[in-house]
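Letter by letter, the chains look like this.
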Amino acid sequence: MVDNREKAFNECLEILDNPCKSILLLSPRVGKSRIGIGYIKLHQLKKILWVTPTVKLRDEDIPDEFIKWKAKKHLPGATIVCYSSLAAQEGKYDLVILDEIQAITEANAKPLLNGKIKTKSILGLTGTMPKHEEKLKLIKQLGLKIEKEITIDEAVEDNMIADYKVNVLEVPMDAVNKNIKAGTKDKPFMTTEAANYAYLSKNIARMMFNPNKSLLQFAILKRLRFIYTSPTKLSTAKKLLNYLDGRKLIFTGSIDHAEQVSKHTYHSKTTRDDLNLFLDGKVDVLACVNAGGTGFTYTNVDHFIIVQADSNKSGGFIQKLARSLLLQKDYTASIWVITLQGSQDEVWVTNALAELDSSKIEYVNIKNLKL
C-alpha cells in the first residue's frame, strides 16, 4: 500500500528549488514541519530562521520535530521565534520558514522587506492561505508563490487524514426572554437577544454613510462581541455537551463561556493542567477558546464542538477543525458548529466551511434535535 504522506513529502522536496521563494499549501496533518526540516537536511542549510505562531510551537513542537526527523545537528543553527517578535529580528539566514504564513502582517514582516533580515530563501507553510488583501499583497512583495497544494478533502481521499462529518446546528435567537442589558448608563433597560441584535445591525447600517469610519468599525465590533457572547449559544453548547456521548473538545467564543460549559478549561488565563488531564484521557470534556486550536494532537476524542466560527480569513477556524482530523483506526471525525439563525453568524459559518466538501456538511435545525 502506498504511503501517501511519504509520497507527498518526497514530491514537495523535489519541486522546491534551492534557493526558493515558495509556499506549500497543504492540509493540516500532512506533515508540513517534516517537509521544512527535510528541505534543511537535503540542502545542508546551516542558519535558519523559523517563524511560528505560538510559544508552544516555538519552545516544544518545532525543536521536537527536528529531533524526531533526525535533524538534531541542525537545531543549534535554527533560530525559532514567534510572529510577535519577528519585527525585532535581523541578520543573514540561509532560509526563513514562515510557518502558518497566514499569521504574517505588515508590522511583523518589516525586516523581511527592508533588508534587516537577509535571505535568498523563504518557505511558507500553511494549511489555509490568508484572504486579507493586505496579507496577500505582502506575500506578493516577498516574491512567494504556491508550489504545491493538497486540500483537506484530497488528504482525506488519499488516507493521509481522517474522514469527517460536519453538523451545523442552527439555533434561533431568543425573542422571548428579556435578559439582555441595553440602553445607556442613565437610561438602561432589558431587552431580548433578537431585539438587541436587530438594533445593533440597524446601527451598523446607519454608520455606513458616516464619514467617521471608526464609528462603523466600533458598531461592527460591538455586534461581533454580542454574537460571540450570545446566551443562546451558551445554553445550546451546554445542552449539546449533555446530548453527545463520549469525550468532547469544545471551542467557545469567550473565556467566560468556556468556564461555564466545563470545569476543565484551557485558555490564555489558565495553566496547562486541565489540558494535560484531557490529553492523558483523565477527563472527558475540555473547553478552549483559541488556545488549543493550533499545534495540538488530540486522540480518542468522540466529538469536536465549535461554538463560534469566524470567516477563516486567518485560518483559525480550519486549524480548530483540523484538531479532529488525526488518522485513527475506524474513525470519522464528528464536528459540530453552532450558528445563530438570521444573523451575521451564518455568513461566517458559510465562509469558514467553503473549502470543505459540501456532501460532508449537514445543516441541523435545533428543533429536530432532542437536546
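This report concerns the structure included in the present document. As the structure is a prediction and not an experimental result, all values here were calculated from the model.

## Points about the pairing of strand E14 (residues 285-288)
Next, step 1: Going residue by residue along E14, you find Val-285 and Ala-287 tucked away on one face and Leu-286 and Cys-288 tucked away on the opposite face as well.
Next, step 2: Sheet topology places strand E12 (residues 248-251) next to E14; four bridges connect them, and they run parallel. Bridge pairing in E14 links Leu-249 to Leu-286.
Next, step 3: Note that strand E13 (residues 265-266) and E14 share two bridges and pair parallel. Paired with Thr-265 across the bridge in E14 is Ala-287.
Next, step 4: The parallel pair E13 and E14 is bridged by helix H11 (residues 273-279), and the resulting crossover is right-handed.

## Regarding the packing of helix H8 (residues 213-228) against helix H13 (residues 344-352)
Next, step 1: Interhelical geometry of H8 versus H13 gives an angle of 80 degrees and a closest axis separation of 10 Å. Considering the angle they form, H8 stands roughly perpendicular to H13. Contact residues: Arg-223, Leu-224, Ile-227 and Tyr-228 in H8; Gln-344, Asp-345 and Trp-348 in H13.
Next, step 2: For the contact of H8 with H13, the class distribution of residues is four nonpolar, one polar and two charged.

## Some points on the sheet that holds strand E8 (residues 145-150)
Next, step 1: One open sheet accounts for six strands, arranged E3-E2-E5-E7-E1-E8; its pairing is parallel. Every interior strand has two partners, whereas the edge strands, strand E3 (78-82) and E8, have only one. Ignoring strand direction, the axes of neighbouring strands in this sheet form an average angle of 15 degrees.
Next, step 2: Where strand E1 (residues 21-26) meets strand E7 (residues 122-126), five bridges bridge the pair, whose relative direction is parallel. Following the sheet pairing, Lys-21 is matched in E7 by Ile-122.
Next, step 3: Here helix H2 (residues 32-42) sits on the sheet and contacts E1, strand E2 (48-52), strand E5 (95-99) and E7; the angle it forms with E2, its principal contact strand, is near 170 degrees.

## Points about the packing of helix H7 (residues 193-207) against H8
Next, step 1: Where H7 contacts H8, the two axes come as close as 8 Å, and the packing angle between them is 160 degrees. Classified by the angle between their axes, H7 and H8 sit roughly antiparallel to one another. The hand of the H7/H8 crossing is left-handed. Facing H7, whose interface residues are Glu-193, Asn-196, Tyr-197, Leu-200, Ser-201, Asn-203, Ile-204 and Met-207, H8 presents Leu-215, Leu-216, Ala-219, Ile-220, Lys-222, Arg-223, Phe-226 and Ile-227.

Conventions we followed
- Residues numbered from 1 in each chain as written.
- Predicted model: local features only at pLDDT ≥ 70, side-chain atom pairs only at ≥ 80, totals over all residues.
- Heavy atoms only, no water.
- Buried < 20%, exposed > 50% of the residue type's maximum accessible area, 1.4 Å probe, protein only.
- Helix = DSSP H or I, 4+ residues; strand = E, 2+ residues; numbered from the N terminus.
- Pairing = 2+ DSSP bridges.
- Right-handed = clockwise from strand over helix to strand, strands pointing away.
- Axes fitted to C-alpha atoms, helices over the stretch in contact; angles between N-to-C directions.
- Parallel < 35°, antiparallel > 145°, perpendicular 65-115°, else oblique.
- Contact = heavy atoms within 4.5 Å.
- Nonpolar A, V, L, I, M, F, W, Y, C, P; charged D, E, K, R; others polar.
- Left-handed = near helix turned anticlockwise from the far one by under 90°.

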